[in-house]
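What the coordinates show
If you want the building blocks of each chain, they are given just below.
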Amino acid sequence: MPSWINLSGRTFGRLTATVYLGASKWQCSCACGGLATVNTGDLNNGNTQSCGCYQKDRAASTQLRHGFTTRVEGKK
C-alpha cells in the first residue's frame, strides 16, 4: 500500500491531478491546457486551483491594472 493518497483523476478547481511526482508533489493538468506542479497540501486546502490562468482571466475581465482601483478602458 502506498504511503501517499492517490489523487489521480480528482479535480481541484480548474486542476486535475494526473501524475504523482514524489515528495508530496503532483503534476496537474489545467482546464486551459496548461500544466502545473502543485503540493498535495495546496490541492487539498484549495490554495491552488489553477495554473495561473484564473488570475489572468479575472484581470482581463475587469480591465484593472495592478495598483488601480478604477477601470482603465479608453485611458492612456
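As a starting point, this report considers the structure included with it.

Thresholds applied
In this convention, every chain numbers its residues from 1, walking through the sequence in written order. Per-residue local features of the predicted model are confined to residues with pLDDT of at least 70, and side-chain atom pairs are confined, for both listing and counting, to 80 or more; whole-chain, interface and lining totals are unaffected and use all residues. As a rule here, side-chain values come from all non-hydrogen atoms in the structure, and water together with hydrogens is ignored. The numbering of helices and of strands both runs from the N terminus, where a helix is a DSSP run of H or I of at least 4 residues and a strand a run of E of at least 2. Think of it in three bands: residues with accessible area under 20% of the maximum for their type are buried, residues over 50% are exposed, and the middle band is partly exposed, with areas taken using a 1.4 Å probe on protein chains only. Contacts were defined at the residue level, with two residues in contact if any of their heavy atoms lie within 4.5 Å. Per-residue accessibility takes into account occlusion by the displayed protein chains alone, with areas from the Shrake-Rupley method and a 1.4 Å probe. At least two DSSP bridges between two strands are needed for those strands to be called paired.

So, on to the overall build of the protein chain. For the protein chain, the count of helices and strands is two helices and four strands. Start at the N end of the protein chain and walk to the C end: the helices and strands fall as β-β-β-β-α-α. Burial statistics for the protein chain: of 76 residues in total, 20% are counted as buried. Considering only residue pairs separated by 6 or more positions, the protein chain has 18% of its internal contacts joining residues 24 or more positions apart. When the accessible surface of the protein chain is split by element, carbon and sulfur atoms take 49% of a total near 5,600 Å².

This paragraph deals with the sheet that holds strand β2 (residues 15-22). Taken together, the four strands give an open sheet; going across it, the order is β1-β2-β3-β4, and neighbouring strands pair in antiparallel fashion. Looking along the sheet, the strands with just one partner apiece sit at the ends: β1 (11-12) and β4 (35-39). The sheet contact formed by β2 and strand β3 (residues 25-30) spans six bridges and is antiparallel. Opposite Leu-15, over in β3, you have Cys-30 as the bridge partner.

Positioned with a positive phi, Ala-23 is a non-glycine residue whose angle comes to about 55 degrees. Among the secondary structure elements, Ala-23 is positioned in the loop between β2 and β3. With a phi angle near 60 degrees, Ser-24 is a residue other than glycine that sits in the positive phi range. In this structure, Ser-24 sits in the loop between β2 and β3. Classification of Ser-24 by relative accessible area gives partly exposed; the value is 41%.

The subject of this paragraph is the pairing of β3. Every second residue of β3 is oriented toward a common face, the buried set being Trp-26, Cys-28 and Cys-30 and the non-buried set Lys-25, Gln-27 and Ser-29. Bridge count for β3 against β4 is five bridges, and the pairing is antiparallel. Residue Gln-27 lies in a different strand from β4, and its bridge partner there is Thr-37. Where β3 folds back on β4, the antiparallel hairpin that results is connected by four residues, among which Gly-33 adopts a positive phi of roughly 105 degrees.

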